[in-house]
Amino acid sequence: QVQVAESGGGLVQPGGSLRLSCVASGTDSSTYDFGWFRQVPGKQRELVASITSYSWTNYAGSVKGRFTISRDNAKNTVYLQMNSLKPEDTAVYYCKAHTGWYDYWGQGTQVTVFS
């Protein structure tokens, strides 16, 4: 079975940086599309960034220019580099792997941006 796990969340000051990692274990994920999503209590989960198997990327307007999604297929890992963090970036960040047959979600990692 495919297992997806996020890591790298934490507490950071505004303007700081974090790098989130998403590992898809038990599989060769090189053909998968991945997305990073975030959600805060009482709000709808939103797509932050996505990357296809061809490494084409897309970003939400709120993070474009600050966040970068990338992948390392040899490590079955997708990254979200988060720079110039703002308090409104505070959320639980989730990774989704799309196999073409099923969507696999991680359990989320908390990112808190505070002053």
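Described below are features of the structure shown in this document. Only a predicted model underlies this, so the values are computations on that prediction, with no experimental measurement involved. (Residues numbered from 1 in each chain as written. Predicted model: local features only at pLDDT ≥ 70, side-chain atom pairs only at ≥ 80, totals over all residues. Heavy atoms only, no water.)

## Re the state of the cysteines
Consideration 1: The final tally for this structure, using the stated rule, is 1 disulfide.
Consideration 2: Paired by a disulfide, Cys22 and Cys95 hold their sulfur atoms 1.9 Å apart. Where Cys22 bonds to Cys95 through sulfur, the torsion about that S-S bond is close to -75°, and the disulfide is left-handed. A residue pair is termed long-range when its members are at least 10 positions apart, and Cys22 in strand β3 (residues 18-25) and Cys95 in strand β9 (residues 91-98) qualify at 73 residues.
Consideration 3: On the basis of relative accessibility, which here comes to 0%, the residue Cys95 falls in the buried class. (Disulfide = S-S within 2.5 Å. Helix = DSSP H or I, 4+ residues; strand = E, 2+ residues; numbered from the N terminus. Buried < 20%, exposed > 50% of the residue type's maximum accessible area, 1.4 Å probe, protein only.)

## Quick word on the packing of aromatic side chains
Consideration 1: In total, this model carries 4 aromatic pairs according to the counting rule given.
Consideration 2: A centroid spacing of 4.9 Å and a plane angle of 55° characterise the contact between Phe37 and Trp105, whose relative ring orientation is tilted. Of this pair, Phe37 sits in strand β4 (residues 33-39) while Trp105 sits in strand β10 (residues 103-105); the two residues are 68 residues apart in sequence, bridging distant segments of the chain.
Consideration 3: For Phe37, a relative accessible area of 13% translates into the label buried.
Consideration 4: Geometrically, the ring pair formed by Tyr54 and Trp56 is tilted, given 5.3 Å between the ring centres and 35° between the ring planes. The same class applies to Tyr54 and to Trp56, which are both exposed.
Consideration 5: For the cation-ring pair, Arg45 lies above Tyr94, with the distance from its terminal atom to the ring centre recorded as 3.8 Å. (Phe/Tyr/Trp six-rings, centres within 6.5 Å; stacked < 30°, edge-to-face > 60°. Lys NZ or Arg CZ within 6 Å of the ring centre and 35° of its normal.)

## Quick word on the side chain of Thr77
Consideration 1: Among the secondary structure elements, Thr77 is positioned in strand β8 (residues 77-82).
Consideration 2: A distance of 2.8 Å separates the side chain of Thr77 from the backbone oxygen of Lys75, its partner in a polar contact.
Consideration 3: In this structure, Thr77 is in contact with Ser21, Cys22, Val23, Ser70, Arg71 and Asp72, ignoring residues within four places of it in sequence. (Polar contact = N/O pair within 3.5 Å; in protein donor to acceptor, adjacent residues only side chain to side chain. Contact = heavy atoms within 4.5 Å.)

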